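# Tertiary structure, described
Below, each chain spelled out in residue letters.
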Amino acid sequence: MLPLAHHPHLRPASRPPPPGRSPPARAARPRLLRRRSSGALTLTRAQPPRAEAGETETSAAAATSSSSSVLSFLCPLLKFFGGGDPSQKRNDIVEVATSSLSSLARLPWGSSVAASSGENVSPTTTTAPALQLYEFEACPFCRRVREAMTELDLSAEVYPCPKGSLRHRDVVRNIGGKEQFPLLVDASTGVTMYESGDIVKYLFKQYGQGKSPSFGLLESTIFTGWVPTLLRAGRGMTMWSKAGAVPAEKLELFSVENNTYARFVREALCELELPYVLQNVGEGSSKMDSLLSIAGAKQVPYLVDPNTGFQSGDHKKILSYLFQQYSISS
Ligand SMILES: N[C@@H](CCC(=O)N[C@@H](CS)C(=O)NCC(=O)O)C(=O)O
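Here the structure is a predicted model, which is why all the values come from computation and not from measurement. (Residues numbered from 1 in each chain as written. Predicted model: local features only at pLDDT ≥ 70, side-chain atom pairs only at ≥ 80, totals over all residues.)

## So, the overall build of the protein
When helices and strands are counted, the protein shows 9 helices and 10 strands. Taken across its 330 residues, the protein has 49% of its residues classed as buried. Counted over contacts in the protein with a minimum sequence separation of 6, partners at least 24 positions apart contribute 78%. (Helix = DSSP H or I, 4+ residues; strand = E, 2+ residues; numbered from the N terminus. Buried ≥ 20, exposed ≤ 12 C-beta atoms within 10 Å, placed from the backbone. Contact = placed C-beta atoms within 7 Å.)

Right, here's the structure in full:
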C-alpha cells in the first residue's frame, strides 16, 4: 500500500509551502467507523482487538486525561523556554546530560525486545513497513507507542507532525478529522486509530504473540512520560523555520527508543518534518545482524539517506548533515 502521504488522490494544501519545500499532502479520507473509547474518539476501519480483561483501562484513561491537561499547559511554555534554532551548535554536556536523564526516567521501557513481533523484516531501504505512525518526538503519548514498538521489535514509517507542520498534520486531519497524536495506520489490517493506550494494546494483541505490554508501560506516561519532554526543553516539538524540501526517498534510522543519542536524531528528523523508516533495534532485536552488516557495528543511532548515499553512526555528524542538507538554503 502507498504511504498515505503519497496517496495518488491528494488535494492541494491550504497553506503555501516555503520556497524549496514540497506542497503538503492530503490523503483521501478513508471510510471509518467511529466508536467512543476511554472518553476519546478512536477511529478504526476494522474493529481493533479489545483490551484484555483486567487491564487498567480506567486508570490508564484517567492518567491519560490528566497528563493531557498537564501537557496542554506545558507545551506552549516549553516553546517559550525551549525556542531557538535547533541547527545551532549545542552544548554537548547539557545535551548528553538532559537526554541521559530522560532515558533514566523512562527505564525500563523502550530499551529491549519483550516479545517477537514475528515480523519478517529485512531492514533495507527498499522495505516499507506496514505500520505508519503520525507523531512528534516530544509528545509523551507518541513516546509510549514508540516504546511499545521497540518492545515488539516492530519497524514503522514515521511521519513527524511537529507544531507548524506543513504536510503531515493535514494528512492526519484528513484521516481522522482532528490533529491529535499519535495516530497509527496499520496498512496490513486496515486499522487506523488515535489514543496511545489503545494503540499499544492493539499492537501487542496483533503482533505480541500473546504477550502483554511490559509492567507499567501503559500507566507510566503520567509519572515520567513528560520528563523527557521537559528535560529536552521542547526539542522535537516544533518545526524548524528553515526546514527545506522533502527528499524523494524516506531516510532510514536504526534506533532504540530509550537511547540517549538516538533521541537527538529523532528530534532533528521531527524538527525538519522528514518522513523516515524507523528500524527499532532494541536489545534482542532480530534486526541486529542486519544492522551489523549495514553499519559495521551494533550501534545506534545509524542513519542511512538513500537520496545522497550518506550513512553515519555519529550523532553529531548526522545532526549537522540533516540541518545542512534539508534546510531551505540547500
Ligand atoms: N489521550 C491521547 C492524548 C494525546 C494528546 O493529547 N496528544 C497531544 C500531543 S502530546 C496532541 O495531540 N496535541 C495536539 C497538538 O499537538 O496539536 C492519547 O493517549 O493518545
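There is more to say after this.
## What about the pairing of strand β5 (residues 183-186)?
Side-chain alternation along β5 places L183 and V185 on one buried face and L184 and D186 on a second face that is also buried. As paired elements, strand β3 (residues 131-135) and β5 share 4 bridges and run antiparallel to each other. Counterpart to L131 in the pairing with β5 is D186. A loop of 4 residues connects β5 with strand β6 (residues 191-193), the two strands running antiparallel in sequence, and G190 in this loop sits at a positive phi of about 85°. (Pairing = 2+ DSSP bridges.)

## Describing the sheet that holds strand β4 (residues 156-160)
Reading across from one edge, β6-β5-β3-β4-β8-β7-β9-β10 is the order of the 8 strands in this open sheet, with mixed pairing throughout. Edge positions in the open sheet fall to β6 and β10 (310-312), since each of these has one partner strand only. Across the sheet, the mean angle from the axis of one strand to that of its neighbour is 20°, orientation sign disregarded. Direction of pairing for β5 relative to β6: antiparallel, over a ladder of 3 bridges. Bridge pairing in β6 places L184 opposite M193. On top of the sheet, helix α7 (residues 260-271) reaches β4, β7 (251-255), β8 (276-280) and β9 (302-305); it is set at about 150° to β7, its chief contact. (Axes fitted to C-alpha atoms, helices over the stretch in contact; angles between N-to-C directions.)

## Quick notes on the confidence of the model for the protein
Any region with low pLDDT has predicted coordinates that should not be read closely. In the predicted model, the protein carries a mean pLDDT of 80, and the fraction of residues at 70 or more is 70%. Confidence drops under a pLDDT of 50 for residues 1-42, and excluding neighbours within four residues, the segment shows 89 contacts in the predicted structure. This stretch, residues 120-126, has a pLDDT under 50; its non-local contacts, to residues over four places away or in other chains, come to 14 contacts. (pLDDT = per-residue confidence, 0-100.)

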